[in-house]
Amino acid sequence: MTQSQTEMGRVIIGDRLQRLARLNKPPMSRFLLPLLAYFTLAAPLPAQDGPQLFSLYCSACHAADGKGATGGTFPPLAESPYVAGDPDRAIKIVLKGLTGPVDVLGKTYNLEMPPQGAVLPDDQIAAILTHVRSSWGNHAGPITTDQVKTSRASVADRATPWTAPEILKLHPFPLEKSVIANLLSQSFRGDWDEMPDFSKEKATNVEEEHDGILTLKNAPAAEDFAMVWTGDFVAPTVGIFTFLLDADDGATLYIDNSKVVEVKGIGPMDGSRAQEGKLTLLQGPHPIRVEYFQKKGNKGLALAWSSTRAKILHWLTEDTTNVLAVQPTSIPVGPDGDRPVIYRNFISGTTPRAIGVGFPGGINLAYSADNLAPELLWTGEFIEGTKKWNERGTADNPPAGQNVVSPSKSRALPENAKFVGYDLDSSGNPAFSVTIGSDSLVDSYHAESNTIIRKLTLTGSGPALEILIADKSIEAQLSITAEGGSLETTNTKTTLKLTPGKTVTLTYHWK
Ligand code: HEC
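First, a word on what this report is: a plain description of the structure on this page. The written sequence of each chain sets the order in which its residues are numbered from 1. Under the rules for a predicted model, residues below a pLDDT of 70 receive no local features and side-chain atom pairs below 80 are neither given nor counted, while totals for whole chains, interfaces and linings still include all residues. For side-chain calculations, the full set of non-hydrogen atoms in the structure is used, while hydrogens and water are omitted.

1. Examining the packing of helix α3 (residues 50-57) against helix α7 (residues 122-133)
What counts as an axis is a line fitted to C-alpha atoms, over the stretch in contact for a helix, and the angles between N-to-C directions run from 0 to 180 degrees. Counting from the N terminus, the helices are DSSP H or I runs at least four residues long and the strands are E runs at least two residues long. Running from N to C, α3 and α7 point in directions that differ by 95°, and their axes come no closer than 8 Å. Between α3 and α7, the crossing angle belongs to the class labelled roughly perpendicular. Taking contact as the criterion, the partners of Gly50, Pro51, Leu53, Phe54 and Tyr57 in α3 are, on α7, Gln124, Ala127, Ile128, His131 and Val132. Of the residues belonging to the contact of α3 with α7, the class tally is seven nonpolar, three polar and no charged. To sort the angles, those under 35 degrees are grouped as roughly parallel, those over 145 as roughly antiparallel, those from 65 to 115 as roughly perpendicular, and the leftovers as oblique. When checking whether two residues touch, look at their non-hydrogen atoms; a contact exists if any pair is within 4.5 Å. The residue classification treats Ala, Val, Leu, Ile, Met, Phe, Trp, Tyr, Cys and Pro as nonpolar and Asp, Glu, Lys and Arg as charged. All others, Gly included, are polar.

Here's what the structure looks like:
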């Protein structure tokens, strides 16, 4: 090992261990072993020996079988999309390192890979990556020394490791196709200017589409026709799904029998008319229906989905559209994996001192620390962060999802009640604390599918207390039921009596 390599090793170890300590991840020893192995065993080798270079410079963290060291604490290179396709993606990661959250094969890692560019010359990086790209089920082509050289020159100015979004912006994954189960297509003939009412039309043909891809191959004619596809969209996980739709001419997407997104009327499919729709889905099959009509001229239908976490577009159609034209312009703030996210900033529709909570699965609430109550409950996307982040401190941010319900807009507890703060339990669910004289109230929340569960526990020696639950009728949107206590409704006002020493559980359920 040369002097400079040793020094670099020491610097990176110190820095990295500090960072790992800050990341508060699983036991340190799981990281120490691969790190120490990596930094103490490395020795100069003749170039071009990919497998041997890999075992010296990469396997301590990514494991000899490419599956990620210490039982998957580190991300795998076997079948990783980061390794496949565009050679620059992997080359640049090796040169400059990678930091922050990265999703690899369905698992999120939030670690740091130290840059290897200063230690490894171009020919060694080429040999290592050629080996990686052809091992453990990977089938990507070789990488040449020249490719590494060009890549290195293009990022020479960069001093910091990449984040996953940065590297994916430069070198995105290829578009993938995905399938719908039980897909059936129906064809119709007619000359329409807008989507026909299919209940009044008779299909000229019905086909089973066994490959699960929406295609216009079975269209009954080149012009003046319509098609309807039905089947089951199988959501791979629970989460918020974005659907991107474009068509020449019109198309509408329904999931679970509600309209998600539509492209109206007559026009081209070039991205300029593409639309996006979002909704929250539980894992598993959901009825999907796509309606499409074509008048004169060109035809086309493009439909893709992505989940908020992976941000990869999966095409459900044979055609694709110009996605660049529909790049999202906002930065949504949302839960981080399985943990709720807490958002402390102005939220439109509630008081200035509101605390937003975005639960995984697309259930959200804003608790007002002024009125001591959950003032907004909604489903789907949590908050659009754009306004706040662009215009620091000036604009409010509205709930970004749907089904927004505001049970109350007035103070829920007596004048002497004071907000004292909140705690998060081990799963990240919040409990808001309020004192009322010498008594205290813990008001905690967690979410289940389509439901918020609120637990109210009053402790102390004071009298029973009335808390406002709703000051208007919200029955059409949300049902509230109580366990361990009973809700009293007079006119449109709903209250609950709290007795010291008892817990009441309220269940808020969207209809
Ligand atoms: C000290 C540990 C360590 C070493 C050594 C290391 N990596 Fe990594 N690597 C990581 C970590 C940690 C990540 C994920 C970083 C994050 O969470 O942002 C990563 C991510 C990656 C990724 C992208 C994610 C994936 O799983 O595909 C690639 C590609 C990669 N490394 C290749 C290599 C190659 C090739 C080498 C050897 C030249 C190497 N790494 C050496 C720790 C290491």
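Let's pick the thread back up.
2. Considerations on the site of the ligand
Nearness is defined per residue: one heavy atom within 4 Å of the molecule or strand is enough. Taken together, 28 residues lie near the ligand, and Cys58, Cys61, His62, Ser80 and Met113 sit nearest. Counting of polar contacts relies on pairs of N or O atoms within 3.5 Å, with two restrictions inside protein: one atom must be capable of donating a hydrogen and the other of accepting it, and residues adjacent in sequence are counted only when both atoms are side-chain atoms. For the ligand, an oxygen atom lies 2.6 Å from a polar atom in the side chain of serine 80. Computed over the protein atoms alone on a 1 Å grid, cavities are sets of points where a 1.4 Å probe fits but cannot get out and pockets are open sets with protein on both sides within 12 Å along at least five of seven lines; a residue lines them when it has an atom within 4 Å of a point. Any molecule with more than half of its atoms within 2 Å of a cavity's or pocket's grid points is regarded as sitting in that cavity or pocket. Most atoms of the ligand, that is more than half of them, are within 2 Å of grid points of the largest cavity. For the shell around the ligand, the secondary structure elements donating two or more residues are α2 (29-41), α4 (59-62), α6 (87-96), β1 (98-104) and β2 (107-113). Its residues placed into classes, the shell around the ligand shows 22 nonpolar, five polar and one charged.

3. A closer look at the coordination of the iron atom of the ligand
Metal coordination angles have textbook ideals: 109.5 degrees for a tetrahedral set of four donors and 90 or 180 degrees for an octahedral set of six. Donors, by definition, are the N, O and S atoms found within 2.8 Å of a metal, the threshold being 3.2 Å for Na, K and Ca, and water is not counted, so a site can look incomplete. Those protein atoms acting as donors to the iron atom of the ligand are His62 (NE2) and Met113 (SD), and they sit at 2.0 to 2.1 Å. A site with four donors is called tetrahedral when every donor-metal-donor angle falls between 85 and 135 degrees; four donors are called square planar, and six octahedral, when opposite donors sit more than 155 degrees apart and all other angles fall between 65 and 115; any other arrangement is irregular. Coordination at the iron atom of the ligand comes from six donor atoms whose angles at the metal span 87 to 179°, giving a geometry best classed as octahedral. Taken as a pair, histidine 62 in helix α4 and methionine 113 in strand β2 lie far apart in primary sequence, 51 residues in all. Think of it in three bands: residues with accessible area under 20% of the maximum for their type are buried, residues over 50% are exposed, and the middle band is partly exposed, with areas taken using a 1.4 Å probe on protein chains only. Owing to a relative accessible area of 11%, histidine 62 belongs among the buried residues under this scheme.

4. Considerations on the sheet that holds strand β29 (residues 493-498)
For two strands to count as paired, DSSP must find a minimum of two bridges between them. Taking strand neighbours across the sheet as the criterion, the three strands line up as β26-β29-β28 in an open arrangement whose pairing is antiparallel. In the strand order of this sheet, the two ends are held by β26 (465-470) and β28 (487-490), each with one partner. Adjacent strand axes in the sheet meet at a mean angle of 35°, parallel and antiparallel pairs treated alike. Of the strand pairs in this sheet, β28 and β29 are connected by four bridges, and their pairing is antiparallel. Note on β29: the bridge partner recorded for leucine 487 is leucine 496.

5. Considerations on empty space enclosed by the protein
Grid points are joined across faces, edges and corners, and a volume is the space filled by probe spheres set on the points. Scanning all chains against the criterion turns up two cavities of 30 Å³ or more. Forming the boundary of the largest cavity are 31 residues, of which His62, Pro75, Leu77, Ile93 and Met113 lie nearest the centre. Breaking the lining of the largest cavity down by element, the ones donating at least two residues are α4, α6, β1, β2 and α7. The biggest single contributor to the lining of the largest cavity is β1, with five residues. Its residues assigned to classes, the lining of the largest cavity comprises 24 nonpolar, five polar and two charged.

6. Comments concerning the pairing of strand β22 (residues 417-424)
Of the pairings in the sheet, the one linking β22 to strand β23 (residues 430-436) comprises seven bridges and is antiparallel in character. The partner of lysine 418 across the bridge, within β23, is threonine 435.

7. Description of the packing of aromatic side chains
Here the aromatic set is Phe, Tyr and Trp, taking the six-membered ring for Trp, and pairing holds for ring centres within 6.5 Å; pairs whose planes are under 30 degrees apart are stacked, those over 60 apart are edge-to-face, and all others are tilted. Enumeration according to the criterion identifies 15 aromatic pairs in this entry. Ring geometry for phenylalanine 233 versus tryptophan 305: centroids 5.5 Å apart, planes at 80°, classification edge-to-face. With a gap of 72 residues between them, phenylalanine 233 in strand β7 (residues 225-235) and tryptophan 305 in strand β13 (residues 300-307) connect regions that are remote in the sequence. Its relative accessible area of 1% is what places phenylalanine 233 among the buried residues. According to the relative accessible area criterion, tryptophan 305 is buried, its value standing at 6%. Between the aromatic rings of tyrosine 367 and phenylalanine 419, the centroid separation amounts to 6.0 Å while the plane-to-plane angle is 40°, which identifies the pairing as tilted. Highlighted residues: tyrosine 367 in strand β18 (residues 363-368) and phenylalanine 419 in strand β22, separated in sequence by 52 residues. The burial state of tyrosine 367 is the same as that of phenylalanine 419; both residues are buried. Through pairs of rings, three or more aromatic residues link up here, namely Tyr367, Phe419, Tyr422, Phe432 and Tyr445. Lysine and arginine charges are scored as sitting over a ring when NZ or CZ, respectively, is within 6 Å of the ring centre and within 35 degrees of the ring normal. Between arginine 158 and the ring centre of tryptophan 162, over which it is positioned, the NZ or CZ distance is 4.1 Å.

8. A few points about α7
The length a helix should cover is 1.5 Å for every residue beyond the first. Helix length check: α7 (twelve residues) gives 16 Å between terminal C-alpha atoms against 16 Å at 1.5 Å per residue, within 8%. Looking only at α7, the buried set comprises Asp122, Gln124, Ile125, Ala126, Ala127, Ile128, Leu129, His131, Val132 and Arg133. Against the buried residues of α7 lie α3, α6 and α8 (145-154).

9. Regarding the sheet that holds β1
Pairing between the strands of a sheet is mediated by backbone hydrogen bonds and can be parallel or antiparallel. The sheet built from three strands is open, its strands ordered β2-β1-β3 with mixed pairing. Across the chains shown, the open sheet's two edge strands, defined by having one partner strand only, are β2 and β3 (162-163). Bridge count for β1 against β3 is two bridges, and the pairing is parallel. Directly across from leucine 98, in β3, lies its bridge partner tryptophan 162.

10. With respect to the nonpolar core
The nonpolar core is taken to be a set of buried Ala, Val, Leu, Ile, Met, Phe, Trp, Tyr and Cys residues, with the residues joined through side-chain atoms within 4.5 Å. One finds Leu441, Ile467 and Leu498 to be the most contacted residues of the largest nonpolar core, which totals 37 residues. With five residues, β26 is the largest single contributor of residues to this core. Not counting the four nearest positions on each side in its chain, leucine 441 is found in contact with Leu413, Phe432, Ser433, Val434, Ile436, Leu456, Thr457, Leu458, Ile467 and Leu498. Among the nonpolar cores identified, the runner-up in size contains 32 residues, and Leu95, Val119, Val132 and Trp162 belong to it.

11. Considerations on the packing of α7 against α8
In the contact formed by α7 and α8, the axes pass within 8 Å of each other and the chain directions differ by 115°. Crossing angle aside, the handedness with which α7 passes α8 is right-handed. When α7 is examined against α8, the residues Asp122, Asp123, Ile125 and Ala126 are found in contact with a partner set consisting of Thr145, Val148, Lys149 and Arg152. Counted by class, the contact of α7 with α8 contains three nonpolar, one polar and four charged residues. Handedness of a helix crossing follows the sense of rotation of the near helix relative to the far helix, less than a right angle counterclockwise being left-handed and clockwise being right-handed.

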